[in-house]
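One-letter residues, chain by chain:
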Amino acid sequence: MFIIAGLGNPGAKYEKNRHNIGFMAADEIARRWRFGPEKAKFQSKIQDGEIEGEKVLLMKPQTFMNESGRAIGEAARFYKVPVDNIIIFHDEIDLAPGRFRMKKGGGAAGQNGIRSAIAHLGADFRRGRMGVGHPGDPKLVHAHVLGDFAKADQPWLEAMLNACADALPFAIKGDDERYQGEVMRLAPAPKFSPRQAANGS
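The structure contained in this document is the topic of the report that follows.

## Regarding the overall build of the protein
Logical step 1: For the protein, the helix and strand inventory stands at 8 helices and 7 strands.
Logical step 2: With respect to the principal axes defined by its C-alpha atoms, the protein has extents near 50 × 30 × 30 Å.
Logical step 3: Taking all 201 residues of the protein together, 54% fall into the buried category.
Logical step 4: A fraction of 68% describes how many contacts in the protein between residues 6 or more apart in sequence connect residues 24 or more apart.
Logical step 5: When the accessible surface of the protein is totalled, it reaches about 9,400 Å², and 50% of it is carbon and sulfur.
Logical step 6: Averaged over its 29 positive side-chain charges, the protein has a centre that lies 2 Å from the centre of its 24 negative ones.

## Topic: the packing of helix α1 (residues 21-32) against helix α5 (residues 154-166)
Logical step 1: In the contact formed by α1 and α5, the axes pass within 9 Å of each other and the chain directions differ by 55 degrees. In terms of their interaxial angle, α1 and α5 are classed as oblique. Between α1 and α5 lies a crossing whose hand is right-handed. Judged by residue contacts, Ile-21, Met-24, Ala-25, Glu-28, Ile-29, Arg-31 and Arg-32 of α1 engage Leu-157, Met-160, Leu-161, Asn-162, Ala-165 and Asp-166 from α5.
Logical step 2: Of the residues that constitute the contact of α1 with α5, the class distribution is 8 nonpolar, 1 polar and 4 charged.

## Details of the side chain of Arg-127
Logical step 1: For Arg-127, the position within the fold is in strand β7 (residues 126-131).
Logical step 2: Although Arg-127 is buried, it forms no salt bridge, and the closest oppositely charged side chain is Asp-124 at an N-O distance of 6.7 Å.
Logical step 3: A distance of 3.3 Å separates the side chain of Arg-127 from the backbone oxygen of Gly-105, its partner in a polar contact.
Logical step 4: Here the side chain of Arg-127 touches Phe-125 through a polar contact of 3.5 Å, landing on its backbone oxygen.
Logical step 5: Those residues within four positions of Arg-127 in sequence are excluded, and the remaining contacts are Ile-88, His-90, Arg-101, Met-102, Lys-103, Gly-105, Gly-106, Gly-107, Ile-114 and Ile-118.

## Structural notes on the pattern of salt bridges
Logical step 1: Summed over all chains, the structure comprises 11 salt bridges.
Logical step 2: With a closest N to O distance of 2.6 Å, Asp-84 and Lys-104 form a salt bridge. Here Asp-84 is found in the loop between α2 (68-79) and β5 (86-92), whereas its partner Lys-104 is found in strand β6 (residues 100-104), with 20 residues between them in sequence.
Logical step 3: Of the residues examined, Asp-84 reaches a relative accessible area of 38% and is grouped as partly exposed.
Logical step 4: Note that Arg-126 and Asp-176 form a salt bridge whose closest N and O atoms lie 2.5 Å from each other. Taken together, the positions of Arg-126 in strand β7 and Asp-176 in helix α7 (residues 176-186) put the pair 50 residues apart, joining distant regions of the chain.
Logical step 5: With relative accessibility at 5%, the residue Arg-126 sits in the buried group.
Logical step 6: When salt bridges that share partners are traced, they join Asp-27, Glu-38 and Lys-60 into one network.

## Considerations on empty space enclosed by the protein
Logical step 1: All told, the structure shown has 1 cavity of 30 Å³ or more when counted by the stated rule.
Logical step 2: Estimated volume of the largest cavity: approximately 30 Å³.
Logical step 3: Residue assignment for the lining of the largest cavity shows that the elements contributing at least two residues are α1, β3 (44-51) and β4 (54-61).
Logical step 4: Taken together, the residues of the lining of the largest cavity break down into 4 nonpolar, 1 polar and 4 charged.

## A short note on the packing of α2 against helix α3 (residues 112-121)
Logical step 1: In the contact formed by α2 and α3, the axes pass within 7 Å of each other and the chain directions differ by 35 degrees. Once α2 is placed against α3, the crossing between them reads as right-handed. Residues Ser-68, Gly-69, Arg-70, Ile-72, Gly-73, Ala-76 and Arg-77 of α2 form the contact with α3, whose participating residues are Gly-113, Ser-116, Ala-117, His-120 and Leu-121.

## Notes on the layout of surface pockets
Logical step 1: Estimated volume of the largest pocket: approximately 370 Å³.
Logical step 2: Glu-15, Lys-16, Phe-23, Met-24 and Asp-27 are the residues nearest the centre of the largest pocket, which is lined by 18 residues in total.
Logical step 3: The set of elements that each furnish at least two residues to the lining of the largest pocket consists of α1 and α5.
Logical step 4: Considering each element in turn, the lining of the largest pocket owes the most residues, 4 residues, to α5.
Logical step 5: Within the lining of the largest pocket, the residues separate by chemical class into 7 nonpolar, 5 polar and 6 charged.
Logical step 6: Estimated volume of the second largest pocket: approximately 310 Å³.
Logical step 7: As for the second largest pocket, its lining consists of 17 residues, of which His-19, Gly-110, Gln-111, Asn-112 and Val-145 are closest to the centre.
Logical step 8: The set of elements that each furnish at least two residues to the lining of the second largest pocket consists of β5 and α4 (141-145).
Logical step 9: Of the residues that constitute the lining of the second largest pocket, the class distribution is 7 nonpolar, 8 polar and 2 charged.

Conventions we followed
- Residues numbered from 1 in each chain as written.
- Predicted model: local features only at pLDDT ≥ 70, side-chain atom pairs only at ≥ 80, totals over all residues.
- Heavy atoms only, no water.
- Helix = DSSP H or I, 4+ residues; strand = E, 2+ residues; numbered from the N terminus.
- Buried < 20%, exposed > 50% of the residue type's maximum accessible area, 1.4 Å probe, protein only.
- Contact = heavy atoms within 4.5 Å.
- Areas by Shrake-Rupley, 256 points an atom, 1.4 Å probe, with all protein chains shown as cover.
- Lys, Arg positive; Asp, Glu negative; His and termini not counted.
- Charge placed at Lys NZ, Arg CZ, Asp CG, Glu CD.
- Axes fitted to C-alpha atoms, helices over the stretch in contact; angles between N-to-C directions.
- Parallel < 35°, antiparallel > 145°, perpendicular 65-115°, else oblique.
- Left-handed = near helix turned anticlockwise from the far one by under 90°.
- Nonpolar A, V, L, I, M, F, W, Y, C, P; charged D, E, K, R; others polar.
- Salt bridge = Lys/Arg side-chain N within 4 Å of Asp/Glu carboxyl O.
- Polar contact = N/O pair within 3.5 Å; in protein donor to acceptor, adjacent residues only side chain to side chain.
- 1 Å grid on protein atoms, 1.4 Å probe; cavity = no way out; pocket = protein on both sides within 12 Å on 5 of 7 lines; lining within 4 Å.
- Points joined across faces, edges and corners; volume = space filled by probe spheres on them.

Printed below as a string of structure tokens:
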């Protein structure tokens, strides 16, 4: 069994925020793979489904970002899901908009949802890092991630969400490198430093 969690903040005011791209990925996965109806459990909105013959619990923690790991940890312990079978989708400011990277282990890099997940799961879960760009100035990061995606962002955003859902069988089979490559093949995005671009250099 797998747990796939998307990170975000609950409530309508956060719905279109860059910080909620993980929730958006979870919604697209549920739609693409025809998951069951949404239910409330493990302090989350959950849906059950199947991908490549594997049972998948899809989660959107409703604890607010900073406590996401508590909800995911609760589900992982209940179902005895090994950490290798936990994939968490989240926003990544150090990737250009539309870029996608899979990563296993490592630190939180300032992402509070990931920091919480590390506290409750250990560091060795798999992360789907979804690039939202960097505003250039560290003081602007909070407003950037809690700001809504712009209209101009919609084409690359939709492409990346669709690609993350369509290519998911590779991740379920454990081939993260192939999954990452397939997402970027389906939804190519310019590779540049978000910080440099934001600084106009």
